[in-house]
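# Report on the structure
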Amino acid sequence: MQVRKSVNYGLNVALAVAAEPAYEVGPLMHPKLSNDVENLVTEAATGVVQVDGSHGRYFVMTEDAMRVLQYVQEGVEQAERGETSPWNSSEIIEKARLLHEQRSA
């Protein structure tokens, strides 16, 4: 899913529109989430809830979930451009173990 538009509602919640077209919220509009939708998204384990509307399907997510989505999207774009490096999980685990030992000493 590509994020078309995100809007911060002052509730640490963002709205990602999956349906076309994306739209801008005007300066005089102050949309608010209903309490039931806000409670649903904040209680979701992933911080993301799919909501069907009369004009399409929407994903309501917490600000943290939006940030993770953006990081993943950036990573995919970097991989598509060939900006990758070898991944050696054993090496990473060993570095983490050594760092933990140093901090614990």
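Relevant structure appears above.
Described in the following lines is the structure provided in the data block. (Residues numbered from 1 in each chain as written. Predicted model: local features only at pLDDT ≥ 70, side-chain atom pairs only at ≥ 80, totals over all residues. Heavy atoms only, no water.)

## A word on the overall build of the protein
Applied cut-off: The way it works is that DSSP assigns letters per residue, a run of H or I at least four long becomes a helix, a run of E at least two long becomes a strand, and they are numbered from the N terminus. Whether two residues are in contact is decided by their heavy atoms: any pair within 4.5 Å suffices. Methods summary: accessible areas were calculated by the Shrake-Rupley approach with a probe of 1.4 Å, and residue burial reflects only the protein chains presented.
The helix and strand inventory of the protein stands at 3 helices and 3 strands. Across the protein, helices and strands are ordered from the amino to the carboxyl terminus as β-α-β-β-α-α. By sequence separation, contacts in the protein at least 24 residues apart represent 43% of the contacts at least 6 residues apart. In the form shown here, the protein has an accessible surface area of approximately 8100 Å², with 53% of it arising from carbon and sulfur atoms.

## So, a nonpolar patch on the surface
Using the following cut-off: A patch consists of residues exposed above 30% relative accessible area that lack any salt bridge, with like charges linked at up to 9 Å and nonpolar side chains (Val, Leu, Ile, Met, Phe, Trp, Tyr) linked at up to 5 Å. One side-chain nitrogen of Lys or Arg within 4 Å of one carboxyl oxygen of Asp or Glu is enough to make a salt bridge.
Residues Val 68, Val 72 and Val 76 make up a contiguous nonpolar surface patch of roughly 250 Å² in combined accessible area. Looking at the secondary structure, you find Val 76 in helix H2 (residues 63–80).

## Some details on the pattern of salt bridges
Filter applied, for reference: Between buried and exposed lies partly exposed: a residue is buried under 20% and exposed over 50% of the maximum accessible area for its type, with that area taken using a 1.4 Å probe on protein chains only.
Following the criterion strictly, the structure yields 7 salt bridges and no others. For Glu 91, the salt bridge is made with Lys 95, and the minimal N-O distance between the two is 3.9 Å. You can see Glu 91 and its partner Lys 95 sitting in helix H3 (residues 89–104), 4 residues apart, about one turn around the helix. Note on Lys 95: relative accessible area 55%, which makes it exposed. The salt bridge involving Arg 97 is made with Glu 101; its shortest N-O contact spans 2.3 Å. With a gap of 4 residues between them, Arg 97 and Glu 101 both fall in helix H3, about one helical turn apart.

Distances and angles like these do not, on their own, reveal function.
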